[in-house]
Amino acid sequence: MTASAAAPTIAQALAAARTLGLDRIDAQWLLGHVLQQPSAWLISHDDQPLVAATAQAYAALCRRRADGEPLAYLVGQAGFHGLTLQVTPDVLVPRPDTETLVDWALDLLPTLAAAQPQVADLGTGSGAIALAVAHRHPAAEVLATDLSPAALAVAQTNARALGLALHWAQGAWWQAVPAGARFHLVLSNPPYIASGDPHLPALRHEPMLALTPGGDGLDALRQIIAGAPGHLHPGGWLLLEHGWDQADAVAALLAAAGFQAIGHRADLGGHPRCTGGRREGPNKG
Ligand code: GLN
């Protein structure tokens, strides 16, 4: 990016990013972020020279992106299910695949008997799942939990920005949830990557706590499934995101915990990315 040092134009700065291997759209986001201008403005002003400080800030961001830092961290936001969410390195970057879980929840919510369904999102991170559900199904009363106080702070900031009122609790999985609380729908995208998975090094910029529980990757899913019957109303649903090859294992865990109507939803790549089931039987509460 030597051109950056010599007052490149916007067009030259965008082209220089390509030589670092950046996607054009990423370069536009980074330069737009530094200039606080939308992409359309960049295109209509592409012969304008950058002042040195801008060129340097942009070049630094381009180098970080080329080193694998997620674009969302560099610009401080990500789109999820039609919402713009603030993200920091304290939270996992929301994935399009996770919209599958939200869509499943939104399909189920109108079928539940409750007029004001109680919903929990365990391990909410940026708040993506909880906020998307609260946004699209305003009658839902949503509790969002996370072990990380820093992640909860990000989620709460997002809720305020979106004008959504949720309940919050800090702690590990069911430990965060008040004893005796019962839900009609429980959702979670827990850490599920196995400790030796070859994809983990590429995800090094994201919180490992949110990506892997260690071992075979199923520990968090096991804990959530084990505690779910005691926190679901009869007929309530548990929907889980998991790894592309974990659908059978998660279905078996759900069956062993007494869940019925166990099914899967595929992600954008066609992998069975979410598995869920319905609690039958009398309320143990
Ligand atoms: N879907 C993420 C990935 O594979 C992992 C998210 C998670 O562990 N919950 O990059």
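Refer to the structure presented above.
We now turn to the structure provided with this report. (Residues numbered from 1 in each chain as written. Predicted model: local features only at pLDDT ≥ 70, side-chain atom pairs only at ≥ 80, totals over all residues. Heavy atoms only, no water.)

## What to know about the overall build of the protein chain
Here comes step 1: Looking only at helices and strands, the protein chain has 12 helices and nine strands in total.
Here comes step 2: By residue count, 50% of the 285 residues in the protein chain fall in the buried class.
Here comes step 3: Of the contacts made within the protein chain by residues no fewer than 6 positions apart, 65% connect residues no fewer than 24 positions apart.
Here comes step 4: For the protein chain, the exposed area adds up to about 12,500 Å²; of that, 55% sits on carbon and sulfur atoms.
Here comes step 5: Here the protein chain contributes 16 positive and 23 negative side-chain charges, whose respective centroids are spaced 3 Å apart. (Helix = DSSP H or I, 4+ residues; strand = E, 2+ residues; numbered from the N terminus. Buried < 20%, exposed > 50% of the residue type's maximum accessible area, 1.4 Å probe, protein only. Contact = heavy atoms within 4.5 Å. Areas by Shrake-Rupley, 256 points an atom, 1.4 Å probe, with all protein chains shown as cover. Lys, Arg positive; Asp, Glu negative; His and termini not counted. Charge placed at Lys NZ, Arg CZ, Asp CG, Glu CD.)

## Quick look at the sheet that holds strand E8 (residues 259-266)
Here comes step 1: Read from one edge of the open sheet, seven strands run E5-E4-E3-E6-E7-E9-E8, paired in mixed fashion. Both edges of this open sheet fall to strand E5 (167-170) and E8, since each of them pairs with a single strand only. On average, each strand axis in the sheet is tilted by 15° relative to the strand beside it, whichever way the strands run.
Here comes step 2: Examined bridge by bridge, strand E7 (residues 232-241) and strand E9 (residues 272-279) share five bridges and lie antiparallel to one another. Looking at the pairing, Trp237 lines up with Arg278 of E9. (Pairing = 2+ DSSP bridges. Axes fitted to C-alpha atoms, helices over the stretch in contact; angles between N-to-C directions.)

## Some words on unusual backbone geometry
Here comes step 1: In this model, His81 sits at a positive phi of 50°, which is unusual for a non-glycine residue.
Here comes step 2: Tracing the sequence through the fold places His81 in the loop between strand E1 (77-80) and strand E2 (83-86).
Here comes step 3: Judged by relative accessible area, His81 falls into the buried class, the value being 13%.
Here comes step 4: The residue Ala261 is not glycine, and still its phi comes out positive at about 50°.
Here comes step 5: Relative accessible area serves as the criterion here: at 45%, Ala261 is assigned to the partly exposed category.

## Thoughts on the side chain of Thr54
Here comes step 1: Along the chain, the position of Thr54 falls in helix H5 (residues 52-66).
Here comes step 2: Judged by relative accessible area, which is 15%, Thr54 ranks as buried.
Here comes step 3: Not counting residues up to four positions away in its chain, the partners in contact with Thr54 are Val34 and Leu35.

## Here we look at the pairing of E7
The two faces of a sheet get side chains in turn, since along a regular strand they alternate between them.
Here comes step 1: Counting buried positions over the 10 residues of E7 gives eight, a clear majority of the element.
Here comes step 2: With five bridges joining them, strand E6 (residues 183-188) and E7 adopt parallel strand pairing. Residue Leu185 lies in a different strand from E7, and its bridge partner there is Trp237.

## A word on the environment of Thr19
Here comes step 1: When you line up the elements, Thr19 lands in helix H2 (residues 10-19).
Here comes step 2: On the basis of relative accessibility, which here comes to 68%, the residue Thr19 falls in the exposed class.
Here comes step 3: Looking at Thr19, its side chain comes within polar contact range of the main-chain oxygen of Ala16, at 2.5 Å. (Polar contact = N/O pair within 3.5 Å; in protein donor to acceptor, adjacent residues only side chain to side chain.)

## Considerations on the site of the ligand
Here comes step 1: Around the ligand, the structure places Leu92, Arg95, Asn189, Pro190, Pro191, Tyr192, Ile193, Leu203, Ala210, Leu211 and Glu241.
Here comes step 2: Note that an oxygen atom of the ligand is positioned 2.9 Å from one of the side-chain N or O atoms of Arg95.
Here comes step 3: One of the side-chain nitrogen or oxygen atoms of Tyr192 is found 2.8 Å away from a nitrogen atom of the ligand.
Here comes step 4: Considering the ligand on its own, with 300 Å² of exposed area, one finds that the protein chains cover 85% of that surface.
Here comes step 5: A class-by-class count of the residues in the shell around the ligand yields eight nonpolar, one polar and two charged. (Near = heavy atom within 4 Å. Nonpolar A, V, L, I, M, F, W, Y, C, P; charged D, E, K, R; others polar.)

## A word on the packing of helix H11 (residues 219-227) against helix H12 (residues 247-256)
Here comes step 1: Taken N-terminus to C-terminus, the directions of H11 and H12 make an angle of 25°; their axes are 9 Å apart at the nearest point. Classified by the angle their axes make, H11 and H12 are roughly parallel. Crossing angle aside, the handedness with which H11 passes H12 is right-handed. Facing Leu221, Arg222 and Ile225 of H11, the residues of H12 in contact are Val250, Leu253 and Leu254.
Here comes step 2: Taken together, the residues that form the contact of H11 with H12 break down as five nonpolar, no polar and one charged. (Parallel < 35°, antiparallel > 145°, perpendicular 65-115°, else oblique. Left-handed = near helix turned anticlockwise from the far one by under 90°.)

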